[in-house]
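Structural features, examined
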Amino acid sequence: MTTEGRFAGRHVLVTGATSGIGRATAAAFAREGAHVVALGRRSSRLEVLAREAPAGSIEPVVLDMRDRTALRSLIGRVASRGLDVLVNNAGVAFVEPILEVSDEHWDDTLETNLTAVFVASQEAGRHMVAAGRGVIVNVASVDAFVAESPFGAYCPSKAGVVLLTKMLAFELGPFGIRCNALCPGMTVTEMTEPDLDDEFETAYLPRIPLGRFSQAEEQAEPVLFLASDAASYVNGATLEVDGGQLSGFWYAPRYAPGYEPPRSTSAR
Ligand SMILES: NC(=O)c1ccc[n+]([C@@H]2O[C@H](COP(=O)([O-])OP(=O)(O)OC[C@H]3O[C@@H](n4cnc5c(N)ncnc54)[C@H](OP(=O)(O)O)[C@@H]3O)[C@@H](O)[C@H]2O)c1
């Protein structure tokens, strides 16, 4: 574990650290000097993460977030040693339009994406309040604000995460605890890679003003910002990291970049 960096000596817990945004976030905290408890179900992935990080910086923990008792007990154990930052990142997404969402996938999505965030935040929050300090960062999505079809269970789960974030910010702020949500746009990870063929890119990329998808590291850095002292007055916020996707939409394809509209000849 390095003794230098923005998070030197801080204790951080990242859920969903076996791949994608969570892995990049755990690695970035470790590089910045933190001791990181890294959660996920795939132990081999966690071992690789620990091997590649500065020695001793990653503590791998294999856990299914849907097991509330195990989650409470783990967070309690970690937080009793001191927990400065909790990053609730683990998530799942099923490609199902609302009329086809199965009960099983609805439950899985809500348990993983929302209930586990509540359980971890409540348990960590109790310890943080007692300690008088702490930061929670919840990874929501741009899909918390708009319906993205066909993710019938995913979008409502992420909308719940945004309001849970605001509840935590409102009720724990007076105790010196900050809570904010990162809302990523389309990011290249195991969750999205199966979709990312040429046809999908042709249809999707015009919706993103920056004209490309995000890399996981481009989401990790804003998580570190929200967790850092640089964000000391940021509480209850949602940070959209989406290349500008939610800032607007093209009125019609003929107004897409590169199209030159005919000049108006009418007098003003
Ligand atoms: N990629 C995007 O475009 C995008 C956009 C907006 C928001 N997000 C959000 O960003 C977060 C990370 O997603 P990602 O794209 O990085 O996906 P990912 O690569 O599929 O990673 C998801 C992580 O969640 C963990 N996880 C899932 N279910 C779990 C469970 N029951 N118990 C413990 N861990 C569990 C997975 O670990 P194991 O499988 O090892 O358990 C994995 O580490 C998610 O909350 C996602 O909704 C992603």
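Scope of this entry: the structure provided in the associated data block.

1. Notes on the site of the ligand
In the vicinity of the ligand, 31 residues are found, and the nearest of them are Thr18, Ser19, Arg41, Tyr154 and Thr189. In this structure, an oxygen atom belonging to the ligand sits 2.8 Å away from a main-chain N or O atom of Thr187. Take Thr189: an N or O atom from its side chain is 2.6 Å from an oxygen atom of the ligand. The set of elements that each furnish at least two residues to the shell around the ligand consists of α1 (20-31) and α5 (154-172). Taken together, the residues that form the shell around the ligand break down as 12 nonpolar, 13 polar and 6 charged.

2. Let's talk about the sheet that holds strand β4 (residues 85-88)
Across the sheet, which stays open at both edges, the 7 strands sit in the order β3-β2-β1-β4-β5-β6-β9 with parallel pairing between neighbours. Two strands lie at the open edges of the sheet, namely β3 (58-62) and β9 (238-241), each paired on one side alone. Across the sheet, the mean angle separating the axes of adjacent strands is 15 degrees when strand polarity is ignored. Of the pairings in the sheet, the one linking strand β1 (residues 11-14) to strand β2 (residues 35-40) comprises 4 bridges and is parallel in character. Each bridged residue has a counterpart across the sheet, and for Leu13 the counterpart in β2 is Val37. The sheet contacts of α1 involve β1, β2, β3, β4 and β6 (177-184), and relative to β1 the element is tilted by about 170 degrees. Those strands touched by helix α2 (residues 43-52) are β2 and β3, and its axis lies near 180 degrees from that of β3.

Each value, and the rule that gives it
Residues numbered from 1 in each chain as written. Predicted model: local features only at pLDDT ≥ 70, side-chain atom pairs only at ≥ 80, totals over all residues. Heavy atoms only, no water. Near = heavy atom within 4 Å. Polar contact = N/O pair within 3.5 Å; in protein donor to acceptor, adjacent residues only side chain to side chain. Helix = DSSP H or I, 4+ residues; strand = E, 2+ residues; numbered from the N terminus. Nonpolar A, V, L, I, M, F, W, Y, C, P; charged D, E, K, R; others polar. Pairing = 2+ DSSP bridges. Axes fitted to C-alpha atoms, helices over the stretch in contact; angles between N-to-C directions. Contact = heavy atoms within 4.5 Å.

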